[in-house]
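Secondary and tertiary structure notes
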Amino acid sequence: MARLNFKEIDASTIKGNDSDQFEKFSKQFFEHALKMEVISGPSRGPDGGVDLSVLDKGANERLLVSCKHYAHSGKSVGRADEEDILDRLAEHNCDVFIGFYSTIASSGLEQKLERLKRNKKIKYKIYDNESIEAVLLDSVSGFHIAKRFFPDSIKNVWPQIISLSTAYSLDDATEVDSYKWVVLDQFKSSSTIPYASAAEDAVTIANEAATEEIHQPMFLAAWKDAVRLYPKYFSIPKEGIDEAIHWRDLPPKWEAKIHLDELRPNPRWTLLAIWSLIDRNKVREILKELRHDASQQDLDLMSFQWLAESTATERRDILTRLFAYYCV
């Protein structure tokens, strides 16, 4: 079942919409998710669709990308919707035909392409909504594109992404000096670059960083829910909770510890668990002030496992998401 709703991308036929949004999306997809180079386009074809000319450097092939955004009507892309395929390939000096569709290709179009493949020796590939989604949700760069064009869908996808990213492999590691390895792509915009003594370790570090990058919005969403649950115990800017772009915009209000006795035991422990993600030493001091033996309280993340059995559903949900996506 598809997780991204392509109706979030404006239809070009509706007045007031961004008529070029699907075109912008397709360029981002090929440039950043597939790491290809857009050579020319977009240009309107005789069938009213948008064509891009793209270079696949790895295969040394030029691709003609035909964009069709029919998600709002729900219809498939039929054989009549793709006219003059051979002429368009020749016009753009391309080797491969790519159908880039927000729905699916009809069986009639697939039969047409198979005949052209058999009789005219053309190559083709179809990216329908589900295959586009698979590419987007399988990489850090793809995830960023999805966040931009499918903001509502991504809110539903976030809870499903908790495993370590496999964005990088040994082929991505570079030895910049003797026993000094790094995956440069992950840290090219970082002020500090973490080096490793082996390629395997460099890949692990890069994948951990990529995972944290993906998890940041999920952690922030859970953090905002925690602030909404305990507004008295967090510093909330005048712009409000929803406008925060980092948890640091909604930090714990440490001075509110004097009001902790206003909370029942389980809500109080939940709040302290959340606070400990930011500064466990401060929470230890609070425990001492509350006359608890802090030496008996190991405030690492997993020390609050027991809360899952003792907290109400909303608090349990928030804690679970904070622990899963922890990236402070």
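Throughout what follows, the structure given in this document is the object of discussion.

Reading the values: rules and limits
Residues numbered from 1 in each chain as written. Predicted model: local features only at pLDDT ≥ 70, side-chain atom pairs only at ≥ 80, totals over all residues. Heavy atoms only, no water. Helix = DSSP H or I, 4+ residues; strand = E, 2+ residues; numbered from the N terminus. Contact = heavy atoms within 4.5 Å. Areas by Shrake-Rupley, 256 points an atom, 1.4 Å probe, with all protein chains shown as cover. Phe/Tyr/Trp six-rings, centres within 6.5 Å; stacked < 30°, edge-to-face > 60°. Buried < 20%, exposed > 50% of the residue type's maximum accessible area, 1.4 Å probe, protein only. Expected span 1.5 Å × (residues − 1). Pairing = 2+ DSSP bridges. Right-handed = clockwise from strand over helix to strand, strands pointing away. Patch = residues over 30% accessible without salt bridge, like charges linked within 9 Å, V, L, I, M, F, W, Y side chains within 5 Å. Salt bridge = Lys/Arg side-chain N within 4 Å of Asp/Glu carboxyl O. Axes fitted to C-alpha atoms, helices over the stretch in contact; angles between N-to-C directions. Parallel < 35°, antiparallel > 145°, perpendicular 65-115°, else oblique. Left-handed = near helix turned anticlockwise from the far one by under 90°. Nonpolar A, V, L, I, M, F, W, Y, C, P; charged D, E, K, R; others polar. Core = buried A, V, L, I, M, F, W, Y, C linked by side-chain atoms within 4.5 Å. Lys, Arg positive; Asp, Glu negative; His and termini not counted. Charge placed at Lys NZ, Arg CZ, Asp CG, Glu CD.

Let's shift gears to the overall build of the protein chain. Scanning the protein chain from N- to C-terminus turns up 12 helices and 7 strands. For the protein chain, long-range pairs separated by at least 24 residues make up 60% of all intrachain contacts whose partners lie at least 6 apart in sequence. For the protein chain, the exposed surface amounts to about 17500 Å²; the carbon and sulfur share of it is 47%.

Time to look at the packing of aromatic side chains. For the coordinates displayed, the defined rule picks out 20 aromatic pairs. When the ring of Phe25 is compared with that of Phe29, the centres are 6.4 Å apart and the planes differ by 55°; the resulting orientation is tilted. With Phe25 and Phe29 both in helix α1 (residues 21-33), this residue pair falls 4 residues apart, about one helical turn. What makes Phe25 buried here is its relative accessible area of 0%. Linked through ring pairs, Phe6, Phe22, Phe25, Phe29, Phe30, Phe100, Tyr127, Phe149 and Phe150 together constitute an aromatic cluster.

Our next topic: α1. The end-to-end C-alpha distance of α1 is 17 Å, a good match for the 18 Å that 13 residues give at a rise of 1.5 Å each. Those residues of α1 lying buried are Gln21, Phe22, Glu23, Phe25, Ser26, Phe29, Phe30 and Ala33. Backbone geometry just after α1 places Lys35 at a positive phi near 60°.

Bringing the pairing of strand β5 (residues 123-127) into the picture now. One ladder, built from 5 bridges, connects strand β4 (residues 96-101) with β5; its direction is parallel. Looking at the pairing, Ile98 lines up with Lys125 of β5. The β-α-β motif built from β4, the intervening helix α3 (residues 107-119) and the parallel element β5 has right-handed crossover chirality.

Let us look at a nonpolar patch on the surface. Residues Val176, Leu184, Ile193 and Tyr195 make up a contiguous nonpolar surface patch of roughly 310 Å² in combined accessible area. Locating Leu184 in the fold gives a position in helix α7 (residues 184-187). A relative accessible area of 36% places Leu184 in the partly exposed class.

As a further point, take the pairing of β4. Strand residues, when the strand is regular, have side chains that alternate between the two faces of the sheet. Judged by how many residues are buried, β4 sits mostly within the fold: 6 of 6 residues are covered. Relative to β4, strand β3 (residues 61-68) runs parallel, the two being bridged by 6 bridges. Looking at the pairing, Ser66 lines up with Gly99 of β4. Handedness of the crossover is the feature at issue here: the chain leaves β3, passes through helix α2 (residues 85-91), returns alongside β4, and the resulting connection is right-handed.

What follows is about the packing of helix α9 (residues 265-276) against helix α12 (residues 313-324). As a packed pair, α9 and α12 sit with axes 11 Å apart at the nearest point and diverge in direction by 15°. Judged on the interaxial angle alone, α12 and α9 are roughly parallel. Considering only the axes of α9 and α12, their crossing is left-handed. Contacts from Asn266, Pro267, Thr270, Ala273 and Ile274 in α9 reach Arg315, Ile318, Leu319 and Leu322 in α12. Counted by class, the contact of α9 with α12 contains 6 nonpolar, 2 polar and 1 charged residues.

Of all hydrophobic cores here, the largest spans 74 residues; its most connected members are Phe25, Phe100 and Leu136. With 11 residues, the single largest contributor to this core is helix α8 (residues 199-229). Judged by nonpolar contacts, the second largest core, of 14 residues, contains Val77, Cys94, Leu113 and Ile126.

The subject of this paragraph is a negative patch on the surface. Taken together, the side chains of Glu83, Asp84, Asp87 and Glu91 present a region of like negative charge at the surface. Assignment of secondary structure puts Glu83 in the loop between β3 and α2. Look at Glu83 and you get partly exposed, because its relative accessible area is 35%.

Here we come to α3. Over its 13 residues, α3 runs 18 Å from end to end, which matches the ideal 18 Å to within 8%, given 1.5 Å per residue. Those residues of α3 hidden inside the fold are in contact with α2, β4 and β5. Directly after α3, the chain includes Lys121, whose backbone phi takes a positive value near 60°.

The angle between the axes and the distance between the axes are what describe a pair of packed helices. Contact pair α1 / helix α5 (residues 140-149): the axes reach a minimum separation of 9 Å and the direction vectors enclose 170°. Between α1 and α5, the crossing angle belongs to the class labelled roughly antiparallel. Regarding α1 and α5, the two cross each other, and that crossing is right-handed. Counted together, Gln21, Lys24, Phe25, Gln28, Phe29, His32 and Ala33 of α1 and Ser141, Gly142, Ile145, Arg148 and Phe149 of α5 form the full contact between these two elements. Residue composition of the contact of α1 with α5, by class: 5 nonpolar, 5 polar and 2 charged.

Enumeration according to the criterion identifies 14 salt bridges in this entry. Residue Glu61 pairs with Lys123 through a salt bridge whose shortest N-O separation is 2.5 Å. In this pair, Glu61 sits in strand β3 while Lys123 sits in strand β5, placing the two residues 62 residues apart along the sequence. For Lys288, the salt bridge goes to Glu285, with nearest N and O atoms at 3.7 Å. Here Glu285 and Lys288 lie together in helix α10 (residues 280-289), a separation of 3 residues that amounts to about one turn. Overlapping salt bridges, with partners in common, bring together Asp225, Arg228, Asp242, Asp317 and Arg321 in one network.

Any functional reading would require information beyond the geometric quantities listed.
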